[in-house]
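# Structural overview for review
What follows is the residue order along each chain.
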Amino acid sequence: MLKNILSIFLQPNCPLCERATTEEICKYCQKQLKSHQLKDPKKSWQGDLPLFVWGEYDGKLKQAIAALKYDKSPQIGELLGFWLAESWGKNYLINSKIKPLIIPIPLHKAKEKIRGFNQAEIIARGFCQGTKYPLNPKGLIRIRQTKAMFSLTFQEKGNNIKGAFKLGKTLEKHSLSRPVLLVDDIYTTGTTFKEAAKILRDNGIKVLGVVAVSSPRHL
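A quick note: this is a predicted structure, and the numbers were derived from the prediction, not measured.

## Here's the deal with the pairing of strand E1 (residues 51–56)
Most of E1 sits inside the fold, with six of its six residues counted as buried. As paired elements, E1 and strand E6 (residues 207–215) share five bridges and run parallel to each other. Across the sheet, residue Gly55 finds its bridge partner in E6, namely Ser214.

Right, here's the structure in full:
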């Protein structure tokens, strides 16, 4: 009896609700998160830069992404990345023989130092764990600090992100035969992804598209 009581107190708490749990996120919060999963995540897989999104950026999923980034809870990102991979695997968007290189959208080194990690890289690691795709966490480097996008107009967002990325040294010195998938936590206007894709394409690298954990309802 005492052992059972002690095991409850020694369990880590869910980062979203503080319940004791043996998992990254408790089952109650997992259920709430999955209620935001999109029924058709591939509906925007078209055009010049196709998009695949796991869930709607709202409610518990919005809380989870905030906790990942600002409460130092990287385990949330790993789980969301793995769920993203599961959904991707069910939709067969590309030939199964193709193993694209996964490149997360980078943070500026000053911001990453403060946060302790890049949330896009954490998500990408979970995604690669599920898909078995190769990961290059430094394929792109953010060379200029940018303002928070949420407060900017569409035109300001474009000006804000222009020239913010460059090719990482691991790709500068080697030709890349496989295509790339870009990964991040949130897709809003796509401005950041388009700038990242432009840098890669300008260097002769094929970009298949974008995979993101979430996007607002209107997309």
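## Some points on the pattern of salt bridges
Tallied over the entire structure, the rule returns seven salt bridges. Among the ionic pairs, Asp48 bridges to Arg201, the shortest N-O distance being 3.0 Å. On the criterion of sequence distance, the pair formed by Asp48 in the loop between helix H2 (27–34) and E1 and Arg201 in helix H9 (residues 191–202) is long-range, its members being 153 residues apart. Its relative accessible area of 63% is what places Asp48 among the exposed residues. A salt bridge links Lys69 to Asp185; its shortest N-O distance comes to 3.2 Å. Of the two residues, Lys69 is situated in helix H3 (residues 59–70) and Asp185 in strand E5 (residues 180–186); the sequence distance between them amounts to 116 residues. As far as burial versus exposure is concerned, Lys69 and Asp185 are alike and both buried.

## Details of the packing of H2 against H3
Contact pair H2 / H3: the axes reach a minimum separation of 7 Å and the direction vectors enclose 115°. As the angle between them shows, H2 and H3 are arranged roughly perpendicular. In terms of crossing hand, the pair formed by H2 and H3 is left-handed. Facing Cys29, Gln32 and Leu33 of H2, the residues of H3 in contact are Lys60, Leu61 and Ala64. Of the residues belonging to the contact of H2 with H3, the class tally is four nonpolar, one polar and one charged.

## Brief notes about the environment of Cys29
Locating Cys29 in the fold gives a position in helix H2. In the structure, Cys29 is positioned 13 residues away from Leu16 in sequence and 7.1 Å away in space, judged by C-alpha atoms. For Cys29, the contacting residues outside a window of four places in its chain are Cys14, Leu16, Cys17 and Lys60.

## Some thoughts on the packing of aromatic side chains
Scanning the entire structure with this criterion turns up six aromatic pairs. Look at Trp88 and Phe127: their rings are 6.2 Å apart centre to centre, the planes differ by 70°, and that puts the pair in the edge-to-face class. In this pair, Trp88 is assigned in helix H4 (residues 74–91) and Phe127 in helix H6 (residues 119–131), connecting sequence segments 39 residues apart. The pair formed by Trp88 and Phe127 is uniform in burial state, with each residue classed as buried. An angle of 20° between the planes, with centres 5.4 Å apart, marks the rings of Tyr187 and Phe193 as stacked. Like Tyr187, the residue Phe193 is buried in the burial classification. The structure contains a cluster of three or more aromatic residues connected by ring pairs, namely Trp45, Phe52, Trp88, Phe127 and Tyr133.

## Looking at the pairing of E5
Each regular strand shows side chains that alternate between the opposite faces of the sheet. E5 sits mainly inside the fold: seven of its seven residues count as buried. By the bridge criterion, six bridges tie E5 to E6 in an arrangement that is parallel. Looking at E6, one finds that Val183 is bridged to Val211. In the classification by handedness, the crossover that spans E5, the intervening H9 and the parallel E6 is right-handed.

## Description of the nonpolar core
One finds Leu16 and Trp88 to be the most contacted residues of the largest nonpolar core, which totals 36 residues. Only H2, E1, H3, H4, H6, E5 and E6 provide two or more residues apiece to this core. Counting residues in hydrophobic clusters, the runner-up holds 24 residues, among them Leu51, Leu101, Leu171 and Val207.

What counts, and at which threshold
- Residues numbered from 1 in each chain as written.
- Predicted model: local features only at pLDDT ≥ 70, side-chain atom pairs only at ≥ 80, totals over all residues.
- Heavy atoms only, no water.
- Buried < 20%, exposed > 50% of the residue type's maximum accessible area, 1.4 Å probe, protein only.
- Helix = DSSP H or I, 4+ residues; strand = E, 2+ residues; numbered from the N terminus.
- Pairing = 2+ DSSP bridges.
- Salt bridge = Lys/Arg side-chain N within 4 Å of Asp/Glu carboxyl O.
- Axes fitted to C-alpha atoms, helices over the stretch in contact; angles between N-to-C directions.
- Parallel < 35°, antiparallel > 145°, perpendicular 65-115°, else oblique.
- Left-handed = near helix turned anticlockwise from the far one by under 90°.
- Contact = heavy atoms within 4.5 Å.
- Nonpolar A, V, L, I, M, F, W, Y, C, P; charged D, E, K, R; others polar.
- Phe/Tyr/Trp six-rings, centres within 6.5 Å; stacked < 30°, edge-to-face > 60°.
- Right-handed = clockwise from strand over helix to strand, strands pointing away.
- Core = buried A, V, L, I, M, F, W, Y, C linked by side-chain atoms within 4.5 Å.

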